[in-house]
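Structural overview
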Amino acid sequence: HWAFRFFVMITLSVIVAVMGLSLNSAAVVIGAMLLAPLMQPVLAAGACISMALFSKSLVALGRVAAATTWAIAIAYAISLVLPEAPLTSEILARTQPDIKDLVVALAAGTAGAYATVRADTSSSLPGVAVAVALVPPLASVGVALEHGEQALAFGALLLYMTNLSAIVFASIAVFVLTGFVPPRRISDHLARLTLATVVLVGLVIVIGLQLYQASVESIDRNEQQVLAEAIVTDWLGDLDDEMDRTVSIRRDSQQVVVELQGFDDPPDQDTLVTALQEEFPGYDVPVQVIRLQRATTTTIAPPE
């Protein structure tokens, strides 16, 4: 009955994860992390590879693949039933992984494998499950696909693959270094183990390069955002506290969009456009101003 129990727990954890993501509740999402049983077959795959039991490792990885597909399908189906709503920050946070996520996954995967071979540290496994969440990224994939956001779905899937590959790689290293794998078995299957390790290292490096590039782009976007907001602040001058503003940099359409809202007229817009175009060559700078009307009251004196 292992398969039945496993898929029941996967289904329940995905349901909790989708609800937590939709409610934008970190506490509910953490509950889904603790319910998810995916760490078992993932660590089993790492243990089988470390002992050169490749046929059994394929069985474990097959279970992971089946659970992955099932989780995405369940999340997609639940998102279809729920009322249409914008993607929450909890979902968006799982669609933009960077190199820090890989470092966390490697460290937590190492801790999970060590807690598996040492009974006195088994209490750490719930914390590992939270650190390298596997189900919430899968739930984010399903929800993003239902919303037609393929790019965001790919980002969430990349986060899942990052956690998955890092756990398997770290577990192999821990199982070998802690003596969980008999040295004789390592020497008898050294060539096959080396090949499997090289493949996993290559996968981690490929993912790491993508995440590093994403980190660089994220830092660059943040610096541009800060610079653009500083230019708008200097341009507003004394009206800075009087007007609400939104500055967004849209790289796909090469635009720096400035939206202003307030009771007073802003300064000359040409000055702002020129300053932003000097810092962002080739970008258009549409400025949208919404002039608000001040509320007025009329007092009528009571008749004598």
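The shown structure was predicted, so the numbers you read here are calculated from the model rather than taken from an experiment.

The next thing to look at is the overall build of the protein chain. Each helix and strand counted, the protein chain has 12 helices and 3 strands in total. Along the first, second and third principal axes, the C-alpha atoms of the protein chain reach 100 × 55 × 35 Å. Taking all contacts inside the protein chain whose residues are at least 6 apart in sequence as the whole, residues at least 24 apart take part in 74%. Side chains of the protein chain carry 15 positive and 28 negative charges; the gap between the two charge centres is 25 Å.

This part covers the pairing of strand β3 (residues 287-291). Pairing analysis gives 5 bridges linking strand β2 (residues 255-262) to β3, with the strands arranged parallel. Along β3, the bridge assignment pairs Q261 with I290. Regarding the hand of the β-α-β motif, the stretch spanning β2, helix α12 (residues 269-279) and β3 is right-handed.

On to the environment of G208. With respect to the helices and strands, the residue G208 is situated in helix α11 (residues 190-236). Along the chain, G208 and G142 lie 66 residues apart, while their C-alpha atoms are 24 Å from each other. With residues near it in sequence (within four places) discarded, G208 still touches I99 and L102.

Inspection of the entire model under this criterion finds 4 aromatic pairs. When the ring of F175 is compared with that of F180, the centres are 4.9 Å apart and the planes differ by 40°; the resulting orientation is tilted. With a centroid separation of 5.9 Å and 55° between ring planes, the pair formed by F280 and Y283 is classed as tilted. Each member of the pair, F280 together with Y283, is buried. Joined through ring pairs, the aromatic side chains of W2, F6 and F7 make up one cluster. Across the ring face of W2, the terminal group of R63 is positioned such that the distance to the ring centre comes to 4.6 Å.

Next up on the list: the pattern of salt bridges. With the rule as written, the count across this model stands at 2 salt bridges. Measuring nitrogen to oxygen at the nearest pair gives 2.9 Å for the salt bridge that ties R94 to E90. Neither residue differs from the other here; R94 and E90 are each classed as buried. Note that D98 and K100 form a salt bridge whose closest N and O atoms lie 2.9 Å from each other.

With phi around 60°, N24 is a residue other than glycine that occupies positive phi space. Looking at the element boundaries, N24 is found in the loop between α1 (2-23) and α2 (26-35). Among the residues examined, N24 registers a relative accessible area of 37% and is labelled partly exposed. At A52, a residue that is not glycine, the phi angle is positive and equals roughly 60°. For A52, the position within the fold is in the loop between α3 (39-50) and α4 (54-81).

The rules we used
- Residues numbered from 1 in each chain as written.
- Predicted model: local features only at pLDDT ≥ 70, side-chain atom pairs only at ≥ 80, totals over all residues.
- Heavy atoms only, no water.
- Helix = DSSP H or I, 4+ residues; strand = E, 2+ residues; numbered from the N terminus.
- Contact = heavy atoms within 4.5 Å.
- Lys, Arg positive; Asp, Glu negative; His and termini not counted.
- Charge placed at Lys NZ, Arg CZ, Asp CG, Glu CD.
- Pairing = 2+ DSSP bridges.
- Right-handed = clockwise from strand over helix to strand, strands pointing away.
- Phe/Tyr/Trp six-rings, centres within 6.5 Å; stacked < 30°, edge-to-face > 60°.
- Buried < 20%, exposed > 50% of the residue type's maximum accessible area, 1.4 Å probe, protein only.
- Lys NZ or Arg CZ within 6 Å of the ring centre and 35° of its normal.
- Salt bridge = Lys/Arg side-chain N within 4 Å of Asp/Glu carboxyl O.

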